[in-house]
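# Understanding the architecture of this molecule
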Amino acid sequence: MRTPVSTYRLQIRPGFTLQDAAETVPYLKSLGVDWIYLSPILTAEKGSDHGYDVTDPSAIDPDRGGPEGLAAAARAAHEAGMGVLVDIVPNHVGVATPVQNPWWWSLLKEGQQSRYAQAFDVDWDFGGGRIRIPVLGSDSDVDALEIKDGELRYYDHRFPLAEGTYTEGDDPRAVHDRQHYELVGWRRADNELNYRRFFAVNSLAGIRVELPEVFDEAHAEIVRWFREGLVDGLRIDHPDGLADPEGYLRRLREVTGSSYLLIEKILEPGEVLPQSFDCEGTTGYDALADVDRLFVDPAGQEALDALDTEVRGGQAADYEDMIRGTKRRITDGILHSEMLRLARLVPSGAGLTVEAAADALSEIIAAFPVYRSYLPEGAEVLKEACELAVRRRPELADAVGLLLPLLLDAGSEPGAELGRRFQQTSGMVMAKGVEDTAFFRYTRLGTLTEVGADPTEFSVAPEEFHHRMARRQAEIPLSMTTLSTHDTKRSEDTRARISVLAEAAGSGRQPSPGCRSWRRCPTGRSPTCCGRPSPAPGPRTVTGCSRMCRRPPGRPATRPTGWTRTPPSRRSWPPPSTRPLTTLRSGRNWSPSWRSWRRMVPSIRSGRNSCS
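Residues numbered from 1 in each chain as written. Predicted model: local features only at pLDDT ≥ 70, side-chain atom pairs only at ≥ 80, totals over all residues. Heavy atoms only, no water.

### Section: the overall build of the protein chain
Using the following cut-off: Only runs of H or I of at least four residues qualify as helices and only runs of E of at least two qualify as strands under DSSP, and these elements are numbered from the N terminus. The classification of residues rests on relative accessible area computed with a 1.4 Å probe and restricted to protein chains. Under 20% of the type maximum is buried, over 50% is exposed, and intermediate values are partly exposed. Pairs of residues are marked as contacts when any of their non-hydrogen atoms sit within 4.5 Å. The Shrake-Rupley method, run with a 1.4 Å probe, gives the accessible areas here. Residue values count only the displayed protein chains as cover.
Along its length, the protein chain carries 20 helices and 16 strands. Every one of the 612 residues in the protein chain was classed for burial, and the buried ones make up 52%. Here the analysis covers contacts within the protein chain between residues at least 6 apart in sequence; of these, 69% occur between residues at least 24 apart. Carbon together with sulfur atoms contributes 52% to the accessible area of the protein chain, which is approximately 26,900 Å² in total.

Shown next as structure tokens:
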């Protein structure tokens, strides 16, 4: 097996094609790069720059250079003695424009009779035999539907018509009611969606590559790359979304001729890859976190903790309580459809209503310390999460006790679907509740909240760093080490500048009035979750707390809020947190809190302490 020493990632898009990548090879070779690393190259949504919304896995995107482009890039790399690593996306496909995705178009046109029906993860019973598509402004917008060129149209959206469901002159609304899909208001996605997505992205539909026939069709083009010697290794996007990551990696290893495989997997501190995973390692977020902390001065922790407590109104941040709140905000909000689908799998004889089961399952997921289990590996983690859920909510003891044996059963038989699907869901909640929410609220030092990190760990001593690197060398010597990726929130040079604040804080320097004017940071919970009040009105903090996240007068304290849930009479655009960026056009002046940033920018750029 050929393995890389160093890689250089190239974002392949219509503006930088595979042919362009081929031309960069001599330059990259001169830098000492060992392999070129290509972003997804299969056919994606028209105009997509990232390529993770694949619409046709059977061909290389012509807008990205097509098969000729890959041949050119591979030839240039191999002639220079370099390898080729390609990013693939097995968990989902792009469905934003149905006509661009032949699998999805067939599903919408033919429903459960489509040859691709088994490829998608749809709960047909919950939808009454139809798949719900949340694209309408509101449910009443079905009156805006029209029939044109043999298709159902909603403004620029195009949908197929099933055979025999339309004759000239039929009312479009009546025709819509005869289809295998149901167009619904977009706000219903939080609670009533019946297909699996990538996180909460409605336009990325999950596919079931655990089925051999689906795997074969989705990977036929990828297998060709290895058969013809074009590609030397793969980076697998989001394996935690798969029903059976272990089985997937085993099958992928077989069809690629035991080539180099990396998985985009976030390991929490102390977590290791399952022994059963047939791959060389991860894409390196775990190494990134250790390298970051090596350059954070531990002497600054006390001062930065004190400042963080001050801007929170004197109450120190409780990270465990924070992520419990942010995870529950996700399970009760944008991913509630997924929690309800899990709850519907609980046997009726268990004596739990769907909502009660969803509440207990959400509490267990909120207590999960890692992205997911890979049963039977991770069974102890699941048990500990259930114990923590009961300690937090003693009234859920009976429900959790009923659910635990069901969750531990994640085999291949039909009765184990709850256990399998729970594992796919826990990673979604972790990503959205922690990485995309709590990380922007735990603000004592921005370096600590990078993807794959635990922000409660402030720094790593050189001795501990060397110990961790020795363990990596012993356990996963071919795993990737990275400092920046397309998923990191900040580049390594920016993080280095932020880390300097720990040195300044450790020297006894006091933060500037501009820092103190940020006032309170938000808590981890929704501003009205669990009965806690929202922060007092005042200047927005660096984390982006704004009026749209506060409870308006008269709003019940137990009702979740946010711009998408605010009544139209109270909603405005742009959202309040973005308005300061638009004021220059109208000639209005910046607010004092925004002016304080001007003084900080030069010092940030130069790497000096911005709070001195």
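### Observations concerning the pairing of strand E7 (residues 131-136)
Within a regular strand, side chains alternate between the sheet's two faces. What counts here: Two strands are counted as paired when DSSP detects at least two bridges linking them.
When you tally the buried positions in E7, you get 5 out of 6 residues, the bulk of the element. As judged from the 5 bridges shared by E7 and strand E11 (residues 181-185), these two strands associate in the parallel manner. Its bridge partner being in E11, Ile 131 is matched across the sheet by Tyr 181.

### Considerations on the sheet that holds strand E12 (residues 197-198)
The 3 strands lie next to each other as E6-E13-E12, forming an open sheet whose pairing is antiparallel. Each edge of the sheet is formed by a strand with only one pairing partner; in this case those strands are strand E6 (92-94) and E12. Two elements, E6 and strand E13 (residues 201-206), share 3 bridges in a ladder whose sense is antiparallel. Each bridged residue has a counterpart across the sheet, and for His 92 the counterpart in E13 is Gly 206.

### Digging into the packing of aromatic side chains
To describe a pair of aromatic rings, one takes the distance between the centres and the angle between the planes. For clarity, the cut-off: Within 6.5 Å between ring centres, the rings of Phe, Tyr and Trp (the latter by its six-membered ring) count as paired, and their orientation is classed by plane angle as stacked under 30 degrees, edge-to-face over 60, tilted in between. Put simply, a charge is over a ring when the Lys NZ or the Arg CZ is close to the ring centre, within 6 Å, and near the line of the ring normal, within 35 degrees.
Tallying each qualifying case throughout the model produces 11 aromatic pairs. With centroids separated by 5.6 Å and ring planes inclined at 65°, the aromatic side chains of Phe 215 and Tyr 248 adopt a geometry described as edge-to-face. Taken together, the residues Phe 215 in helix H6 (residues 212-227) and Tyr 248 in helix H7 (residues 245-255) connect sequence positions 33 residues apart. Comparing Phe 215 with Tyr 248 shows no difference in burial state: the two are buried. An aromatic cluster of three or more residues is present, and its members are Trp 104, Phe 120 and Tyr 195. We note Arg 132 situated over the ring of Phe 126; from NZ or CZ to the ring centre the distance is 4.9 Å.

### Describing the pattern of salt bridges
The cut-off we apply is this: Throughout this description, the term salt bridge denotes a Lys or Arg side-chain nitrogen within 4 Å of a carboxyl oxygen of Asp or Glu.
For the coordinates displayed, the defined rule picks out 50 salt bridges. Of the charged contacts in the structure, one is a salt bridge between Asp 121 and Arg 341, with a shortest N-O distance of 3.0 Å. Of this pair, Asp 121 sits in the loop between helix H3 (102-110) and E7 while Arg 341 sits in helix H11 (residues 336-344), placing them 220 residues apart in sequence. When sorted by exposure, Asp 121 lands in the same class as Arg 341, which is buried. Of the charged contacts, one joins Arg 173 and Asp 143 as a salt bridge, the two residues approaching to 2.7 Å between their closest N and O atoms. Remark: Asp 143 occurs in the loop between E7 and strand E8 (146-148) and Arg 173 occurs in helix H4 (residues 172-176); sequence separation between them is 30 residues.

### Examining helix H16 (residues 462-475)
Put simply, the rule is: One less than the number of residues in a helix, times 1.5 Å, gives the span that helix is expected to have. In this description, the arc belongs to the directions extending from the helix axis to the C-beta atoms.
With 14 residues, H16 should cover 20 Å at 1.5 Å per step; its first-to-last C-alpha distance of 20 Å lies within 8% of that length. Restricting attention to buried positions, one finds in H16 the residues Phe 465, Arg 468 and Arg 472. Axial view of H16: buried residues confined to an arc of 65°, hence all on one face. When the buried face of H16 is taken as reference, the exposed residues oriented beyond 90 degrees from it are Glu 463, His 466, Gln 473 and Ala 474. Turning to H16, the residues buried within the fold contact helix H8 (285-294).

### Here we look at the packing of helix H12 (residues 354-366) against helix H14 (residues 397-408)
Keep this limit in mind: To define axes, lines are fitted to C-alpha atoms, for helices over the stretch in contact only, and angles between the resulting N-to-C directions are given on a 0 to 180 degree scale. Here is the rule for angles: anything less than 35 degrees is roughly parallel, anything more than 145 is roughly antiparallel, 65 through 115 is roughly perpendicular, and the remaining ranges are oblique. Asp, Glu, Lys and Arg are counted as charged, while Ala, Val, Leu, Ile, Met, Phe, Trp, Tyr, Cys and Pro are counted as nonpolar; the rest, among them Gly, fall into the polar class.
Contact pair H12 / H14: the axes reach a minimum separation of 10 Å and the direction vectors enclose 70°. As far as their axial angle goes, H14 and H12 are roughly perpendicular. Residue-level inspection shows Ala 357, Ala 360, Leu 361 and Ile 364 of H12 in contact with H14, the latter providing Ala 399, Val 400, Leu 403 and Leu 407. For the contact of H12 with H14, a count of residues per class yields 8 nonpolar, no polar and no charged.

### Regarding the environment of Met 428
Note on placement: Met 428 falls in helix H15 (residues 417-435). Note on Met 428: relative accessible area 4%, which makes it buried. Sequence separation between Met 428 and Phe 199 is 229 residues, and the spatial gap between their C-alpha atoms is 5.3 Å. Among all residues touching Met 428, those that are not within four sequence positions of it are Arg 196, Arg 197, Phe 199, Leu 335 and Glu 338.

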